[in-house]
Amino acid sequence: VPTRARRAVLALLVAACSGGSSGDLPAGYTPFFSPADHAMRRTVPGEPVRRGETAERYELRDGDCGGSDCGAPRYRAEIRETAPKARLNSDSWYGWSFRNETIPGFSADNALRVVVGQWKLPGETPAAIRFVQTGSGEATGRGCDPAVCSSSARSSADVAVQLPDIAASRNWGAAQNGGHVCRLFDMTETRGRWVDIVMNTNFATSEAGYLRIWVDGALRCDYRGQIVATQPGGASAPEHRRGIFASYTERWNRSFPDRPKPTLIAYYDEFRFSTASGEVDTRALEAAGQPPLD
């Protein structure tokens, strides 16, 4: 076996045995209710990377709960910002690459409501923005108020953008697609390849809000309207969370009471925040020959 291949195999074995470490965490983030060693770590040679030397690898196994998740129908392999950079009513740009490795498609009867990115204010308030995987045939966007849903809300892609805080505060129902304002991409169709995402929003507390999202260079969301309804204690900095969050397990438990939930693995790379658009777009930075973010 070539020396390079031996090193790659050895590195994978070490990672599998030792799990993650605090040195694996990106600056300004901490684990959130994710005590398992395998929840998040840096990749090793032989594993997928979008650009540069390493990426973030997340793994969620059945029963991987921590904190209050253990008494609720949810569990996660997720990290959260400790010092959020974004501010309410302020222009913010995010760019990153996401790769689904093992997350399957779900039906509306067994969906785990897998969240692969969210922004929320402190406390128990609902997330302001979240990327959530819906079950097939769920929140289809048919008949949704066009002032709420973009045309992409009616696509078949199962990863949707949802605005839970506004949806809860305004009691949005079927006429507003449950707050699923756009659809971005399909987990099954994109499995095993990188998806490049750019998001621009102002986290508005008024109707002057906007949320635009590009997937692989194509505009997939163009929502206009309020985004944040609840500000606990006057909080003004929405924190970002990423990883894999199985946010609701009751459907699976009812459908398959004796079947373990699948192990979910996903990768993130090149995660950037800025107040300028040209500083976060993975594809544009790559084309311009800018260095990767490791």
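Residues numbered from 1 in each chain as written. Predicted model: local features only at pLDDT ≥ 70, side-chain atom pairs only at ≥ 80, totals over all residues. Heavy atoms only, no water.

Undergrad: How do you make sense of the overall build of the protein chain when you look at a structure like this?
TA: When its secondary structure is counted, the protein chain shows four helices and 14 strands. Its C-alpha atoms put the protein chain at 60 × 50 × 40 Å along the principal axes. Taking all 294 residues of the protein chain together, 53% fall into the buried category. Looking at the protein chain alone, contacts between residues at least 24 apart form 72% of all its contacts between residues at least 6 apart. Summing over all exposed atoms, the protein chain offers an accessible surface of approximately 12,600 Å²; the carbon and sulfur share of this is 50%. (Helix = DSSP H or I, 4+ residues; strand = E, 2+ residues; numbered from the N terminus. Buried < 20%, exposed > 50% of the residue type's maximum accessible area, 1.4 Å probe, protein only. Contact = heavy atoms within 4.5 Å. Areas by Shrake-Rupley, 256 points an atom, 1.4 Å probe, with all protein chains shown as cover.)

Undergrad: Please explain the state of the cysteines as it appears in this structure.
TA: Inspection of the entire model under this criterion finds three disulfides. The disulfide partner of C65 is C70, and the gap between their sulfur atoms is 2.1 Å. Around the S-S axis, the bridge from C65 to C70 shows a dihedral of about 105° and counts as right-handed. Of the residues examined, C65 reaches a relative accessible area of 25% and is grouped as partly exposed. Between the sulfur of C144 and that of C149 lies a disulfide, 2.0 Å long from S to S. Of note, the bridge from C144 to C149 carries an S-S torsion of about 70° and is right-handed in sense. Neither residue differs from the other here; C144 and C149 are each classed as buried. With its bonded cysteines labelled in order along the sequence, the protein chain shows the pairing 1-2, 3-4, 5-6. (Disulfide = S-S within 2.5 Å.)

Undergrad: Would you mind showing me how to read the sheet that holds strand 8 (residues 159-162) here?
TA: What holds strands together in a sheet is hydrogen bonding between their backbones, with the strands either parallel or antiparallel. Strand order in the open sheet made by the seven strands is 1-4-13-6-7-8-9, with antiparallel pairing throughout. With partners counted over all chains shown, the strands left at the sheet margins are strand 1 (29-31) and strand 9 (180-185), one partner each. The average undirected angle you get between the axes of adjacent strands in this sheet is 20°. Here three bridges tie strand 1 to strand 4 (residues 75-81), and the two strands are oriented antiparallel to one another. Counted as the bridge partner of T30 is R80 from strand 4. (Pairing = 2+ DSSP bridges. Axes fitted to C-alpha atoms, helices over the stretch in contact; angles between N-to-C directions.)

Undergrad: I tried to follow the side chain of D158 on my own but got confused; where do I start?
TA: Structurally, D158 is set in the loop between strand 7 (129-133) and strand 8. The side chain of D158 is buried and forms no salt bridge, while R183, the nearest opposite charge, is found at 6.4 Å. Among the polar contacts listed, one links the side chain of D158 to the side chain of Q133, at a separation of 3.1 Å. The residues touching D158, leaving out its near neighbours within four places in the chain, are G105, V132, Q133, T134, R183, F185, D186 and M187. (Lys, Arg positive; Asp, Glu negative; His and termini not counted. Salt bridge = Lys/Arg side-chain N within 4 Å of Asp/Glu carboxyl O. Polar contact = N/O pair within 3.5 Å; in protein donor to acceptor, adjacent residues only side chain to side chain.)

Undergrad: I keep staring at the side chain of E81 and nothing clicks. Help me out?
TA: Here E81 lies in strand 4. It turns out E81 is buried and unbridged, and the closest side chain with the opposite charge, K85, is 4.1 Å from it. Here the side chain of E81 touches H240 through a polar contact of 2.8 Å, landing on its backbone nitrogen. Apart from the residues lying within four places of it in its own chain, the contact partners of E81 are G28, Y29, P238, E239 and H240.

None of this, on its own, says anything about what the molecule does.
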